[in-house]
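Here is what each chain is made of, one letter per residue.
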Amino acid sequence: MEAVKYKIISFWLTHFFLRRIAKRYPDFFKKWVYDITDNRLERRVAIFRYYGDDEDEDVHPLKFYKIADKLNTVERNVYLYHQNFINRLISGI
């Protein structure tokens, strides 16, 4: 039963809540991400995934493979950093 709760919360966070917060309140979102994790790569992945890259003219959220290109790593590592960030949000650690 706990696994089902985790999946539902994770889906809601990634598909609704984080996207809306990053789009409507980008400054708050960036500060909030810095408060959640100390890991530099997790921060960058979260900001790229839900807000986008400030260096681009058209700021929009990036896909995992584009984030991997920007961070010069493989897509699997980007996914793991993202999953760690989501786990921190859900567990509150």
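The structure this text deals with has already been given above.
Remember, it's a predicted structure, so these values are computed and weren't measured experimentally. (Residues numbered from 1 in each chain as written. Predicted model: local features only at pLDDT ≥ 70, side-chain atom pairs only at ≥ 80, totals over all residues. Heavy atoms only, no water.)

Caption draft 1: Fine view of a nonpolar patch on the surface. A contiguous nonpolar patch, built from Met-1, Val-4 and Ile-8 and spanning about 360 Å² of accessible area, is present on the exposed surface. Mapped onto the fold, Met-1 is located in the segment before helix H1 (2-24). (Patch = residues over 30% accessible without salt bridge, like charges linked within 9 Å, V, L, I, M, F, W, Y side chains within 5 Å. Areas by Shrake-Rupley, 256 points an atom, 1.4 Å probe, with all protein chains shown as cover. Salt bridge = Lys/Arg side-chain N within 4 Å of Asp/Glu carboxyl O. Helix = DSSP H or I, 4+ residues; strand = E, 2+ residues; numbered from the N terminus.)

Caption draft 2: Representation of the nonpolar core. In this structure, Leu-18, Phe-29, Val-33, Tyr-50 and Phe-85 are the most contacted members of the largest nonpolar core, which totals 13 residues. Counting only elements with at least two residues in this core, the list comes to H1, helix H2 (26-36), helix H3 (40-50) and helix H5 (75-91). In terms of residue count, the dominant contributor to this core is H1 (four residues). Ignoring sequence-local partners within four residues, the contact set of Phe-85 consists of Leu-18, Val-33, Ile-36, Thr-37, Glu-42 and Ala-46. If you look at the next biggest cluster of nonpolar residues, it comprises eight residues, including Val-45, Ile-67, Ala-68 and Val-78. (Core = buried A, V, L, I, M, F, W, Y, C linked by side-chain atoms within 4.5 Å. Buried < 20%, exposed > 50% of the residue type's maximum accessible area, 1.4 Å probe, protein only. Contact = heavy atoms within 4.5 Å.)

Caption draft 3: Structural context of a negative patch on the surface. Among the surface-exposed residues, Glu-55, Asp-56, Glu-57 and Asp-58 lie close enough to one another that they form a single negatively charged patch. The residue Glu-57 is located in the loop between H3 and helix H4 (64-71) in this model. Among the residues examined, Glu-57 registers a relative accessible area of 85% and is labelled exposed. (Lys, Arg positive; Asp, Glu negative; His and termini not counted. Charge placed at Lys NZ, Arg CZ, Asp CG, Glu CD.)

Caption draft 4: Examining H1 more closely. Taking 1.5 Å as the rise per residue, H1 with 23 residues should run 33 Å; its terminal C-alpha atoms sit 31 Å apart, in good agreement. When the local axis directions of H1 are compared, the greatest deviation, roughly 45°, occurs at Leu-13. Along H1, the residues classified as buried are Ser-10, Leu-13, Thr-14, Leu-18, Ile-21 and Ala-22. Residues of H1 that are buried sit in contact with H2, H3 and H5. (Expected span 1.5 Å × (residues − 1). Bend = angle between axes of the 7 residues up to and from the residue.)

Caption draft 5: Region of the structure containing the layout of surface pockets. Approximately 210 Å³ is the volume attributed to the largest pocket. Forming the boundary of the largest pocket are 13 residues, of which Ser-10, Thr-14, Tyr-79, His-82 and Gln-83 lie nearest the centre. Going through the elements one at a time, H1, H3 and H5 are the ones with two or more residues in the lining of the largest pocket. If one sorts the elements of the lining of the largest pocket by residue count, H1 sits on top with six residues. Residues of the lining of the largest pocket, tallied by class, amount to five nonpolar, five polar and three charged. (1 Å grid on protein atoms, 1.4 Å probe; cavity = no way out; pocket = protein on both sides within 12 Å on 5 of 7 lines; lining within 4 Å. Points joined across faces, edges and corners; volume = space filled by probe spheres on them. Nonpolar A, V, L, I, M, F, W, Y, C, P; charged D, E, K, R; others polar.)

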